[in-house]
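Working through the structure, step by step
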Amino acid sequence: MAFRNALLNHIRVNVNQGRPTLRVVGWGSWSNVSRWMSSEGSSGSFLDKDEVTERVLSVVKSFPKIDPSKVNPNVHFQKDLGLDSLDTVEIVMALEEEFAMEIPDKEADKIDSCSLAIDYIASHPMAK
């Protein structure tokens, strides 16, 4: 959303005689916009999967009901750690806080293991 807003703040659409024309405001040219989009809007916005793995495991290990020695990237919250569905929701909420992002309920319901959490967060452009 931030990317979209930043882009829209610098583009104006003029409609003259029924024909829209785009104009870049504040960046000089379309080549500058293209350069900005390729560096900021795509490759630079995803976190490294190793960093995500480390941070997810740290969050899960810090959960009070979990024995940290049992936590690994492939651990299942309910089957391997004996957590219930409410505990899983609490872990997902802690992950949202850790990565400064919101995970929609529909997606959060699917996250029941460290590996699914890691995959989701590593592929989400808003994770920080």
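Above this text is the structure in question.
Remember, it's a predicted structure, so these values are computed and weren't measured experimentally. (Residues numbered from 1 in each chain as written. Predicted model: local features only at pLDDT ≥ 70, side-chain atom pairs only at ≥ 80, totals over all residues. Heavy atoms only, no water.)

Quick notes on the packing of helix α3 (residues 49-61) against helix α4 (residues 85-98)
Any two packed helices are characterised by how steeply their axes cross, that is the angle between the axes, and by the distance between the axes. Packing of α3 against α4 brings their axes to within 10 Å, and their N-to-C directions diverge by 135°. Taken together, the axes of α3 and α4 are oblique relative to one another. At the point where α3 passes α4, the crossing takes the right-handed sense. For the pair α3 and α4, the contacting residues are Arg-55, Val-56, Val-59 and Val-60 in the first and Ile-91, Ala-94, Leu-95 and Glu-98 in the second. Residue composition of the contact of α3 with α4, by class: 6 nonpolar, no polar and 2 charged. (Axes fitted to C-alpha atoms, helices over the stretch in contact; angles between N-to-C directions. Helix = DSSP H or I, 4+ residues; strand = E, 2+ residues; numbered from the N terminus. Parallel < 35°, antiparallel > 145°, perpendicular 65-115°, else oblique. Left-handed = near helix turned anticlockwise from the far one by under 90°. Contact = heavy atoms within 4.5 Å. Nonpolar A, V, L, I, M, F, W, Y, C, P; charged D, E, K, R; others polar.)

Examining the environment of His-76
By secondary structure assignment, the location of His-76 is in the loop between α3 and α4. Judged by its relative accessible area of 13%, His-76 falls in the buried class. Distance from His-76 to Ile-111, taken between C-alpha atoms, is 9.4 Å for residues 35 residues apart in sequence. The residues contacting His-76, other than those within four sequence positions of it, are Leu-81, Asp-112 and Ser-113. Within the structure, His-76 has its side chain in polar contact with the backbone nitrogen of Gln-78 (distance 3.2 Å). One polar contact links the side chain of His-76 to the main-chain amide nitrogen of Lys-79, over a distance of 3.0 Å. (Buried < 20%, exposed > 50% of the residue type's maximum accessible area, 1.4 Å probe, protein only. Polar contact = N/O pair within 3.5 Å; in protein donor to acceptor, adjacent residues only side chain to side chain.)

Section: α3
Compared with the 18 Å implied by 1.5 Å per residue over 13 residues, the 18 Å span of α3 between its first and last C-alpha is a close match. Three or more residues of α3 are buried, namely Val-52, Thr-53, Arg-55, Val-56, Leu-57, Val-59 and Val-60. Against α4 and α6 (114-122) lie the buried residues of α3. (Expected span 1.5 Å × (residues − 1).)

Brief notes about the nonpolar core
By size, the foremost hydrophobic cluster in this structure holds 28 residues, and its most contacted members are Val-56, Val-60, Phe-99 and Ile-121. Sorting the residues of this core by element identifies α3, α4 and α6 as the ones contributing at least two each. Broken down by element, the residue count for this core peaks at 6 residues, all from α6. When near neighbours in sequence (up to four residues on either side) are disregarded, Ile-121 contacts Val-52, Val-56, Leu-95, Phe-99, Met-101 and Ala-127. (Core = buried A, V, L, I, M, F, W, Y, C linked by side-chain atoms within 4.5 Å.)

Remarks on the pattern of salt bridges
For the structure shown, the criterion picks out 5 salt bridges. Among the salt bridges present, the one from Lys-49 reaches Asp-119, with a minimum N-O distance of 2.8 Å. Of the two residues, Lys-49 is situated in helix α3 and Asp-119 in helix α6; the sequence distance between them amounts to 70 residues. Residue Asp-119 is classed as partly exposed on the basis of its relative accessible area, which comes to 38%. Among the ionic pairs, Lys-65 bridges to Asp-87, the shortest N-O distance being 3.0 Å. (Salt bridge = Lys/Arg side-chain N within 4 Å of Asp/Glu carboxyl O.)

Considering α4
For α4, built from 14 residues, the straight-helix expectation of 20 Å at 1.5 Å per residue is met to within 8% by its first-to-last C-alpha distance of 20 Å. Within α4, the full set of buried residues consists of Asp-87, Thr-88, Ile-91, Val-92, Leu-95 and Glu-96. Buried positions along α4 lie against α3, α5 (105-108) and α6. One side-chain oxygen at the N-terminal end of α4 lies 3.1 Å from the backbone nitrogen of Leu-86; it belongs to Asp-84. Where α4 terminates, the next one or two residues include Ala-100, which has phi positive at roughly 50°.

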